[in-house]
Amino acid sequence: MVLMSKAIIVAAGDLEHLPSEIQTVSNTLSAAGWTVRLCLAGDASRAGLLAAAGEGDVDLAWFGLHSTADGFVLSDGIWPSSELGAWLRNVNACDVVLNSCYSIEHISAIQRAADGVGVACTINPAGVDDALAWQVGVHLVRAYVVTEELRTSVQWASGAGSLAYRFIPPAAEAAA
């Protein structure tokens, strides 16, 4: 029996390039044989994510949205990073892409709950321009379906770190 890889894509907020990014990410993964679950608009909420979690485990979780110091902006409010971490652990995610402003500040809280997840995130405290987020997101997913490794994909899409994106290895890997 061949197991198909599964991704969940969560998109919320008024970001000019977000619809194009989400469509490209979804189409690229689907064309590579992935099963893709979309949580958009009203489904990009706590209730929508709980419903998606009930559908089984995911290999990749992709978030395109705003973030603040308090967490990630879903359609029904701020989702604290500790709750996102618990959700990632509960869906057994291997990788997560946080394509939101300065998402690195949330990594320790996320990985405290989900120590087995590798994270692609942004590192610029001034935020990430929407067009840059779209550009990196497109190249990141294209690399991911080829390499099947988030670390390599972030290196590829960020120009070997010249753009404000980084890969944070799973905390469990660092502790070993």
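Residues numbered from 1 in each chain as written. Predicted model: local features only at pLDDT ≥ 70, side-chain atom pairs only at ≥ 80, totals over all residues. Heavy atoms only, no water.

Undergrad: Would you mind going over the overall build of the protein chain with me for this structure?
TA: Helix and strand counts for the protein chain stand at seven helices and nine strands. At 14 Å, the protein chain has a C-alpha radius of gyration in line with the 16 Å of a compact globule built from 176 residues. Along the longest, intermediate and shortest principal axes, the C-alpha atoms of the protein chain span 40 × 40 × 35 Å. In the protein chain, 68% of the contacts between residues at least 6 apart in sequence involve partners at least 24 apart. Summing over all exposed atoms, the protein chain offers an accessible surface of approximately 8000 Å²; the carbon and sulfur share of this is 54%. (Helix = DSSP H or I, 4+ residues; strand = E, 2+ residues; numbered from the N terminus. Rg over C-alpha atoms; globule rule 2.2 N^0.38 Å. Contact = heavy atoms within 4.5 Å. Areas by Shrake-Rupley, 256 points an atom, 1.4 Å probe, with all protein chains shown as cover.)

Undergrad: Mind showing me how you'd approach the sheet that holds strand β6 (residues 77-79) here?
TA: Strands belonging to one sheet form pairs held by backbone hydrogen bonds; the direction of such a pair is parallel or antiparallel. The strand order across the open sheet formed by three strands is β4-β5-β6, and the pairing between neighbours is antiparallel. Here the strands that pair on one side only, and so sit at the sheet edges, are β4 (67-68) and β6. With three bridges joining them, strand β5 (residues 71-74) and β6 adopt antiparallel strand pairing. Across the sheet, the residue bridging to Leu74 is Gly77, located in β6. Its contacts with the sheet place helix α3 (residues 81-90) against β5 and β6, and it is angled at close to 60 degrees to β6. (Pairing = 2+ DSSP bridges. Axes fitted to C-alpha atoms, helices over the stretch in contact; angles between N-to-C directions.)

Undergrad: Is there a simple way to think about the sheet that holds strand β3 (residues 60-64) in this case?
TA: Pairing in this open sheet of six strands is mixed, and the strands run β2-β1-β3-β7-β8-β9 from one edge to the other. Unpaired on one side and paired on the other, β2 (35-40) and β9 (165-168) mark the two borders of the sheet. On average, each strand axis in the sheet is tilted by 15 degrees relative to the strand beside it, whichever way the strands run. Bridge analysis of strand β8 (residues 118-122) against β9 gives four bridges, and the strand direction is antiparallel.

Undergrad: Mind showing me how you'd approach the side chain of Ser67 here?
TA: Summarising the element assignment, Ser67 is placed in strand β4. Of the residues examined, Ser67 reaches a relative accessible area of 14% and is grouped as buried. Within polar-contact distance, the side chain of Ser67 engages the side chain of Ser100 at 3.4 Å. At a separation of 2.5 Å, a polar atom in the side chain of Ser67 contacts the main-chain carbonyl oxygen of Cys101. Excluding residues within four positions of it along the chain, Ser67 makes contact with Phe72, Val73, Ser100, Cys101 and His106. (Buried < 20%, exposed > 50% of the residue type's maximum accessible area, 1.4 Å probe, protein only. Polar contact = N/O pair within 3.5 Å; in protein donor to acceptor, adjacent residues only side chain to side chain.)

Undergrad: Quick question: what am I supposed to make of the packing of aromatic side chains here?
TA: Describing an aromatic ring pair means giving the distance of the ring centres and the angle of the ring planes. The final tally for this structure, using the stated rule, is four aromatic pairs. The interplanar angle of 80 degrees and the centroid separation of 6.2 Å between the aromatic rings of Phe63 and Trp87 together place this pair among those described as edge-to-face. Placement of the pair is Phe63 in strand β3 and Trp87 in helix α3, with a sequence separation of 24 residues. Across the pair, exposure class does not vary: Phe63 and Trp87 are buried alike. An angle of 65 degrees between the planes, with centres 5.9 Å apart, marks the rings of Trp79 and Trp87 as edge-to-face. The same class applies to Trp79 as to Trp87, namely buried. Taken together, Phe63, Trp79 and Trp87 form an aromatic cluster joined through their ring pairs. (Phe/Tyr/Trp six-rings, centres within 6.5 Å; stacked < 30°, edge-to-face > 60°.)

Undergrad: How should the pairing of β5 be read in this particular structure?
TA: On any regular strand, side chains alternate: one points to one face of the sheet, the next to the other face. Here two bridges tie β4 to β5, and the two strands are oriented antiparallel to one another. Pairing of Thr68 across the sheet is with Gly71, part of β5. Connecting the antiparallel pair β4 and β5 is a turn made up of two residues.

Undergrad: Teacher, can you tell me more about the nonpolar core here?
TA: Across soluble globular proteins, nonpolar side chains show a tendency to be buried alongside one another. Judged by nonpolar contacts, the single largest core of 28 residues is most densely connected at Phe63 and Trp87. Among the elements that line this core, the one with the most residues is α3, at three residues. Counting 23 residues, the second largest nonpolar core, distinct from the first, contains Trp34, Val128, Ala133 and Phe167. (Core = buried A, V, L, I, M, F, W, Y, C linked by side-chain atoms within 4.5 Å.)

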